[in-house]
Amino acid sequence: MAMPQNETVHILVVDDEERIRRLLRMYLEREGYVIDEAADGVEALQKALETDYDLIILDLMLPGMDGIDVCRKLRERKATPVLMLTARGEETSRVEGFEAGTDDYVVKPFSPREVVLRVKALLRRSSPTAYLRTDTHARNIIVLPNLIIDHDAHRVTVGDQDVNLTPKEYELLHFLAQHPDKVFTREELLREVWHYEFFGDLRTVDTHIKRLREKLNKASPKAAEMIVTVWGVGYKLEVPRT
């Protein structure tokens, strides 16, 4: 589904190879997106912090500062969706990328059409106006004590305050909220939320749970306390008993 025509989607494409930037620009501009470019990590981080992009396509291997460091520093300030470009066989680096806060990845050599599809999916998941494209009489809303998740709008509200989450942080919270009081192992969360097997490296889940708690805690400590660690097993969203 394309974004509404009256919405300007601004994307930063980061890669040290000009031909790749040019290729992605061509395909993305066909979709009506406005494209900026950066050729190294330092330039990318500066642009990402100065401009509120709707999405960033970020190569893993960059001069100056690699993509993982760029994403990690970006996450200290912003929740901009990040699509990471990685070389085949860099599974460990992809794990580190997810830990740093990337939301999805595409393996090089890639199909430009696949990148466009991934971009559209991330934009749908992160759009603050997604609810405008749904039936408002059948809103998909989860209402819990101290926490409201409007899935059609991809909006999380604690009290009267919106909580700004990355797409993957949102998906993790939404999944747990769909199954209140049920404990999930880290392996199950990786499979259900990331749709990817990490073969034993489970730090990604812990990192995202930590970030999620920190963001919820700023709005309401009671909301953050709903995400419970079950030692030796995994995590659950525990609904307070009234």
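How each quantity is defined
Residues numbered from 1 in each chain as written. Predicted model: local features only at pLDDT ≥ 70, side-chain atom pairs only at ≥ 80, totals over all residues. Heavy atoms only, no water. Pairing = 2+ DSSP bridges. Helix = DSSP H or I, 4+ residues; strand = E, 2+ residues; numbered from the N terminus. Contact = heavy atoms within 4.5 Å. Axes fitted to C-alpha atoms, helices over the stretch in contact; angles between N-to-C directions. Buried < 20%, exposed > 50% of the residue type's maximum accessible area, 1.4 Å probe, protein only. Right-handed = clockwise from strand over helix to strand, strands pointing away. Expected span 1.5 Å × (residues − 1). Arc of directions from axis to C-beta. 1 Å grid on protein atoms, 1.4 Å probe; cavity = no way out; pocket = protein on both sides within 12 Å on 5 of 7 lines; lining within 4 Å. Points joined across faces, edges and corners; volume = space filled by probe spheres on them.

1. Quick word on the pairing of strand β11 (residues 227–230)
Argument step 1. Relative to strand β12 (residues 234–237), β11 runs antiparallel, the two being bridged by 4 bridges. Bridged to V230 within β12 is G234.
Argument step 2. Between β11 and β12, which pair antiparallel in sequence order, lie 3 residues; one of them, G232, sits at a positive phi of approximately 85°.

2. Some points on the sheet that holds β12
Argument step 1. With antiparallel pairing, the 3 strands of this open sheet are ordered in space as β10-β12-β11. Each edge of the open sheet carries a strand with a single partner, namely β10 (184–185) and β11.
Argument step 2. Running over the sheet, helix α6 (residues 167–178) touches β10, β11 and β12 and is turned about 70° from β12.
Argument step 3. Relative to β11, helix α8 (residues 203–219) is tilted by about 145°, and along the sheet it contacts β11 and β12.

3. Digging into the pairing of strand β4 (residues 82–87)
Argument step 1. In terms of burial, β4 is largely enclosed, as 5 of its 6 residues are buried.
Argument step 2. Examined bridge by bridge, strand β3 (residues 55–59) and β4 share 4 bridges and lie parallel to one another. Residue pairing for β4: L58 is matched across the bridge by M84.
Argument step 3. On the question of chirality, the crossover connecting β3 to the parallel β4 by way of helix α3 (residues 67–75) is right-handed.
Argument step 4. Summarising the sheet, β4 and strand β5 (residues 104–108) pair through 5 bridges and their orientation is parallel. Within the sheet, the bridge partner assigned to L85 lies in β5 and is V106.

4. Observations regarding unusual backbone geometry
With glycine set apart, most residues show a phi of negative sign, and most peptide bonds adopt trans.
Argument step 1. With an omega of -5°, the peptide bond running from K108 to P109 counts as cis.
Argument step 2. Tracing the chain through its elements places P109 in the loop between β5 and α5 (112–126).
Argument step 3. Notably, N146 is not glycine yet its phi reads approximately 75°, a positive angle.
Argument step 4. Assignment of secondary structure puts N146 in the loop between β6 (141–144) and β7 (147–150).

5. Considering α8
Argument step 1. Between its terminal C-alpha atoms α8 stretches 25 Å, which fits the 24 Å expected from 17 residues at 1.5 Å a residue.
Argument step 2. Those residues of α8 that sit buried are T204, V205, H208, I209, R211, L212, K215 and L216. Looking down the long axis of α8, one finds its buried residues gathered within 165° of arc, a one-sided arrangement. Residues of α8 that are exposed and point more than 90 degrees away from the buried face comprise K210 and K218.

6. Remarks on the layout of surface pockets
Argument step 1. Of the voids in this model, the second largest pocket is the one considered here, and its volume is about 410 Å³.
Argument step 2. Residue lining of the second largest pocket: 17 residues in total, with R75, E76, N164, K215 and K218 positioned closest to the centre.
Argument step 3. Looking at the lining of the second largest pocket, the elements with two or more residues in it are α3, α4 (91–100), β9 (161–163) and α8.
Argument step 4. When residues of the lining of the second largest pocket are assigned to their parent elements, the largest contribution, 5 residues, is made by α8.

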